[in-house]
Amino acid sequence: MSSLPAHALEIDPESSLQFTITRDPAKDGSDGSSRCTMTLRHTGNTKGYLAFKVKTTQPRRYLVRPNQGIVAPNSSETVSILLVDKDRQVLWSSYDRLGQSALDHSKDKFLVQSCAVSEEFSAKFANEPRITMGEGQGGGGGGGQYKKELVEELTAMWNKASSNSNLPVYNKKLHVRHVVDTGATSAAGAGGGAATANSNNSSLPASFQEGVDKRNNADKMSPEQLTDEVASLRRKYDELVAFSVNLTAERDILNNTLEQTKRDLNREMATRTALEKQGLKVGGSRSSQDSKSGKSSGGVSVKTLWIVVVVACLSAIRATNLGSLDGLGSVPVLGGMLGFDSPTTETTIVRSGSDEL
């Protein structure tokens, strides 16, 4: 232990914390919870007090008592860690469905930090009484909590320590292991007898219930019946494998479709962004093109209209010079508007090239 720095605490266990999970802890003779303890020892490498703090990646799953405190030279501190009952039930359900593999490779971790404190600061905790919490409150063997004022001072001290790079802090990571007490489970099943087995089997679906009954009576089967049972199980296994293969293929197809859709969407967004940077709008350009095409196909241009007006004026002037419009004078209203004489007025037309007396 001499390899540890002077401001480090010796931690037991060294690498991992193990929580034992059972189906019903109250019936197994425990207090109804899953817990473990961790011992922090002052190695005596320094004559000063050492402060500690326990952190976890899952603060809602575990209750740590005490989670921070002061350890005197050559003394130890016991930390109790309680697994919340709700999470214990979730873990047990996972084990019940998938076995121990569902509990392996847990990502839960704990971090134990320790550092040296001054004599003035440690004197506040020397003879200070601590509040021991009951079993139902998460106590269970821990050293108890300090009063509120000292807890606040410890929290402030650790906040300064985390921001002060000059203060050496020792960090120790601990992994979490969840295991099932198979001995207690089997003992409980044996004590319960056939009634417990029947109650457990009754919760299974009917299709599985038949298989469980057959396996329980395997010792009474003949070789032919065992062969048929093995063949039936093999067929069911092959069906499950085929079903899983189909699911995998469908998943791959959906993933490919999703990726293609994402690529098309990204390409469309890139095109729209490029057009907007050039000062063009897709909607505006389409509407302008539609308006131009509508004018050219369904309407008359201004140039054509002016040509028609000019041709009409020239035709009217020529008709006036030739006297072709005299017939309009006989129209009652139109003749007056155009300035023609009334039909009763006698007119004398002198034609060139003829002499009439």
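Cut-offs applied
- Residues numbered from 1 in each chain as written.
- Predicted model: local features only at pLDDT ≥ 70, side-chain atom pairs only at ≥ 80, totals over all residues.
- Heavy atoms only, no water.
- Pairing = 2+ DSSP bridges.
- Helix = DSSP H or I, 4+ residues; strand = E, 2+ residues; numbered from the N terminus.
- Expected span 1.5 Å × (residues − 1).
- Buried < 20%, exposed > 50% of the residue type's maximum accessible area, 1.4 Å probe, protein only.
- Arc of directions from axis to C-beta.
- Axes fitted to C-alpha atoms, helices over the stretch in contact; angles between N-to-C directions.
- Contact = heavy atoms within 4.5 Å.
- Phe/Tyr/Trp six-rings, centres within 6.5 Å; stacked < 30°, edge-to-face > 60°.

Considerations on the pairing of strand β8 (residues 109–116)
Okay, so step 1: Two strands pair when backbone bridges link them, and strand β4 (residues 50–56) and β8 are joined in this way by seven bridges, in the antiparallel orientation. Directly across from leucine 50, in β8, lies its bridge partner alanine 116.
Okay, so step 2: For β8 and strand β9 (residues 170–180), the ladder comprises six bridges, and the chain directions are antiparallel. Of the residues in β9, the one forming a bridge with glutamine 113 is asparagine 171.

Describing helix α1 (residues 85–98)
Okay, so step 1: Under the 1.5 Å per step criterion, the end-to-end length of α1 is 20 Å for 14 residues, consistent within 8% with the ideal 20 Å.
Okay, so step 2: Of all the positions in α1, only Asp87, Arg88, Leu91, Trp92 and Ser94 are classed as buried. All buried residues of α1 lie within an arc of 155° about the axis, which places them on one face of the element. For α1, the exposed residues lying more than 90 degrees away from the buried face are Lys86 and Arg97.
Okay, so step 3: Two residues or fewer after α1 comes glycine 99, characterised by a positive phi angle close to 90°.

What to know about the pairing of β4
A regular strand places its side chains on the two faces of the sheet in alternate fashion.
Okay, so step 1: Most of β4 is tucked away, with five of its seven residues classed as buried.
Okay, so step 2: With four bridges joining them, β4 and strand β6 (residues 68–71) adopt antiparallel strand pairing. Each residue of the ladder has a partner; that of alanine 51, found in β6, is isoleucine 70.

Remarks on the sheet that holds strand β7 (residues 76–83)
Okay, so step 1: Spatial ordering of the open sheet is given by β1-β3-β7-β5, a layout of four strands whose pairing is antiparallel. With one partner strand each, in any of the chains shown, β1 (9–12) and β5 (62–65) form the two edges of the open sheet. On average, adjacent strands in this sheet sit at an angle of 20° to one another, irrespective of strand direction.
Okay, so step 2: Examined bridge by bridge, strand β3 (residues 34–42) and β7 share eight bridges and lie antiparallel to one another. Looking across to β7, one finds that methionine 38 is bridged to valine 79.

Section: the sheet that holds strand β2 (residues 16–21)
Okay, so step 1: The five strands are arranged β2-β9-β8-β4-β6 in an open sheet whose pairing can be described as mixed. Strands at the two margins of the open sheet, each flanked by one partner only, are β2 and β6. Each strand of the sheet is rotated relative to its neighbour by a mean of 25°, with strand direction disregarded.
Okay, so step 2: Across the sheet, helix α3 (residues 148–163) touches β4, β6 and β8, and the angle it forms with β6 is around 90°.

Observations regarding the packing of aromatic side chains
Each aromatic ring pair is characterised by the separation of its centres together with the angle its planes make.
Okay, so step 1: By the definition in use, this model includes four aromatic pairs.
Okay, so step 2: A ring pair is formed by tyrosine 62 and phenylalanine 110, whose centres lie 5.2 Å apart and whose planes are at 65°; its orientation type is edge-to-face. Taken as a pair, tyrosine 62 in strand β5 and phenylalanine 110 in strand β8 lie far apart in primary sequence, 48 residues in all.
Okay, so step 3: A residue is classified by how much of its surface remains accessible, and phenylalanine 110, at 1% relative accessible area, is buried.
Okay, so step 4: Between tryptophan 92 and tyrosine 95, the aromatic rings sit 5.3 Å apart at their centres with planes inclined by 40°, giving tilted as the arrangement. Here tyrosine 95 and tryptophan 92 lie together in helix α1, a separation of three residues that amounts to about one turn.

Purely spatial values, then, with no claim about function.
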